[in-house]
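# Fold and contact review
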There are 2 protein chains.
Amino acid sequence: MDTMNTSQTDLPQHVRVVEVGPRDGLQNEPQWVSTATKLTLIERLINCGIRDIEATAFVSPKRAPQMADAAEVVHALPAAPGVHFPVLVPNLRGFETALAAGAREVAVFAAASESFSQRHVSCSIAESVERFRPVLQAAHANDIRVRGYVSCVVSCPYQGDVAPQAVTRVACELADLGCYEISLGDTLGAGTPASVARMLEAVLRELPASRIAGHFHDTYGMAIANIQCALEFGLRNFDASVAGLGGCPYAPGASGNVATEDVVYLLNGLGYECGINLDKLVATAWFIAGELGREPASKVARALKARSFSNR
Amino acid sequence: MDTMNTSQTDLPQHVRVVEVGPRDGLQNEPQWVSTATKLTLIERLINCGIRDIEATAFVSPKRAPQMADAAEVVHALPAAPGVHFPVLVPNLRGFETALAAGAREVAVFAAASESFSQRHVSCSIAESVERFRPVLQAAHANDIRVRGYVSCVVSCPYQGDVAPQAVTRVACELADLGCYEISLGDTLGAGTPASVARMLEAVLRELPASRIAGHFHDTYGMAIANIQCALEFGLRNFDASVAGLGGCPYAPGASGNVATEDVVYLLNGLGYECGINLDKLVATAWFIAGELGREPASKVARALKARSFSNR
């Protein structure tokens, strides 16, 4: 697949940003974040113009105590026409709890690496896909959209490089099950535009770019370059986390999710349109980072600090 | 100019990294860094495999007190065959002092923005070029290589966007004067691959990529994506600063120079060869950051912390 000349991206094009801060970002925060703070964060993100916000996860409170208030969060979600609030569900039981709480979109989580799947989903990749089959059936019966995650699309902390074919296989299986979109996650953040291009070349031979989202981690500072690469491959859906919330469990002290404000800065610079107010977003980054007692991990949030505070 | 398909960069190609940490990185450090520490840093950088290290600046100690030991640093530089140690000189007097101290390569500093030139070089762009003419003449008479910097090649803190034609003009003037290489600096770090591409398209119509270096700041987290863009335009010389030393005077608390270790990680991932040992470089980043009482600004240094310490 040919890459686009960056100088020719003159026409504005819409890019959809899926904000994952309230779930993926907060899930591993050791200090309890109140339900009220989570809901304030979500309301501020809506007010920034974001239309897809992963709100919480219906998982075991033992494994993710920070998500123990999932039902309360979903109950209290604001009425926001046109805004989607996917929630993570690991299995049919999680789906049923989410449905009872009022969730209208869910997400399921698979891996492209067998070792990672065994360690984090406690079964093989094939078994995890089978586990999602009844979830997808129940979801469709209830008119609920399902998003699919594939983690370790470039490399795995246990087995190293992951073959693009392995990513393609599980992405196609999730698409065949009925996921409307497959989010491809570079969980370690170890990819560069070369390995990301190899992976996307393989996946895009089987699935259209419109059904793929990029989920990049900035552990090694490559996320923005990888998103630029994915844009050149035609991807127009990207996950990101306000303030860069969510670290990397495999490199303590390192960055995790790419910061939403860094992604928006890139998109603005490249002439893409995403409908997100950057000043409000930077103020939101400082708000949630302040609640967590630290500074935002994002370069843009720090560079625009003065502007952000005048816009709070 | 067509960009390269990143997936086709299979053949190893050499990229030259010019380390600017000891000068550009340390120059604005408020706390005095001892001459011994500066020299240890330089020795460690050589030991990483770096062959171009900007060592110091022969400028007024009033304007840059951290560079007050320039002559001592140059006197004590290690005998390192094949390693170049450019030193910054603002004018003929600075050049003569540098020459007397034993410098064998110098760098001069111009701007692509009139406002920036007036504020930081205290004269117009044209006057600054004229001021360099006797420097270049004296340098050539003494067989001294001269590197030229152009700052604000994308935008300027005082006048906003900078026209690619303005960058091209001053770059050509420095090349005509005899600078062997022109380092184009995105001083604010505000560029994205779109604005960087527009700028490089203009410059490369007049000068070959082999005479151009990219000097990117990571203030908004775009440096790695901009370097990737510049690589696609054929640039093979990049300035970088170990540990991301050197902040941004226009955004206090924000990042400045792109970190050398992030650049090396990108180059390794893309299959370029730069001759730099990443583990040793990360250990060097932690060494100098520790001397300054903080953590490295680089994502790679933080992600590879465990490895770096085992290689110290």
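Up top is the structure these notes are about.
Summary of the structure given here.

What counts, and at which threshold
Residues numbered from 1 in each chain as written. Chains lettered and ligands numbered in written order. Predicted model: local features only at pLDDT ≥ 70, side-chain atom pairs only at ≥ 80, totals over all residues. Heavy atoms only, no water. Helix = DSSP H or I, 4+ residues; strand = E, 2+ residues; numbered from the N terminus. Rg over C-alpha atoms; globule rule 2.2 N^0.38 Å. Buried < 20%, exposed > 50% of the residue type's maximum accessible area, 1.4 Å probe, protein only. Contact = heavy atoms within 4.5 Å. Least-squares fit on C-alpha atoms with pLDDT ≥ 70 in both. Salt bridge = Lys/Arg side-chain N within 4 Å of Asp/Glu carboxyl O. Core = buried A, V, L, I, M, F, W, Y, C linked by side-chain atoms within 4.5 Å. Disulfide = S-S within 2.5 Å. Buried area = accessible area lost by both parts, 1.4 Å probe. Polar contact = N/O pair within 3.5 Å; in protein donor to acceptor, adjacent residues only side chain to side chain. Nonpolar A, V, L, I, M, F, W, Y, C, P; charged D, E, K, R; others polar.

### Here we look at the overall build of chain A
A tally of regular secondary structure across chain A gives 13 helices and 11 strands. A compact globule built from 312 residues would reach a C-alpha radius of gyration of about 20 Å, and chain A, at 18 Å, matches this within 12%. If one aligns the C-alpha atoms of chain A with their principal axes, the spans along those axes are about 50 × 45 × 35 Å. Within chain A, the fraction of its 312 residues that count as buried is 63%. Within chain A, contacts between residues separated by at least 24 positions form 74% of all contacts whose residues are at least 6 apart in sequence.

### Here we look at the relation of the copies chain B and chain A
One copy of the chain maps onto the other through a rotation about an axis followed by a shift along the same axis. Note on the copies: chain B fits chain A at an RMSD of 0.0 Å, the axial shift is 0.0 Å, and the rotation between them is 180°. What the rotation and shift describe, once combined, is the action of a two-fold rotation axis. Considering only C-alpha atoms, the part of chain B nearest the rotation axis is B:A225, at 2.0 Å.

### So, the environment of A:R302
Checked against the element boundaries, A:R302 lands in helix α12 (residues 299-303). A relative accessible area of 22% places A:R302 in the partly exposed class. Taking C-alpha positions, A:R302 is 9.6 Å from A:A285, a pair spaced 17 residues apart along the chain. Beyond its immediate stretch of four places on either side in the chain, A:R302 contacts A:W286, A:E295, A:P296, A:A297, B:G253 and B:A254.

### Comments concerning the pattern of salt bridges
Tallying each qualifying case throughout the model produces 23 salt bridges over all chains. As a salt-bridge pair, B:E130 and B:R133 come within 2.9 Å of each other at their nearest N and O atoms. Here B:R133 and B:E130 lie together in helix α6 (residues 125-141), a separation of three residues that amounts to about one turn. Relative accessible area serves as the criterion here: at 35%, B:R133 is assigned to the partly exposed category. Because the salt bridges share partners, they merge into one network encompassing A:R16, A:D52, A:E105, A:R145, A:R147, A:E181 and A:D239.

### Focus on the nonpolar core
Ranked by internal contacts, the top residues of the largest apolar core, which has 236 residues, are A:L184 and B:L184. Apart from the residues lying within four places of it in its own chain, the contact partners of A:L184 are A:V150, A:V153, A:V167, A:A171, A:M199, A:L200, A:V203, A:I212, A:A213, A:G214 and A:H215.

### Describing the state of the cysteines
Scanning all chains against the criterion turns up zero disulfides over all chains. Free of any disulfide, A:C274 has its nearest neighbouring cysteine sulfur in A:C48, separated by 11 Å. Between B:C152, a free cysteine, and B:C156, which holds the nearest cysteine sulfur, the sulfur-to-sulfur gap is 4.7 Å. In this structure B:C152 comes out as buried when scored by relative accessible area, which is 0%.

### Concerning the interface of chain B and chain A
Facing 40 residues of chain B, the contacting portion of chain A comprises 40 residues. Between chain B and chain A, a total of about 3,100 Å² is buried, with carbon and sulfur atoms accounting for 58% of that surface. Between chain B and chain A we count two salt bridges in total. Note that B:K299 and A:D218 form a salt bridge whose closest N and O atoms lie 3.0 Å from each other. At the boundary of chain B and chain A, one finds eight residue pairs in polar contact (both at pLDDT 80 or more). Elements supplying a minimum of two residues to the side of chain B that touches chain A: α8 (193-203), α9 (223-232), α10 (260-270) and α12 (299-303) of chain B. Grouping the constituent residues of the side of chain B that touches chain A by class yields 20 nonpolar, 13 polar and seven charged.

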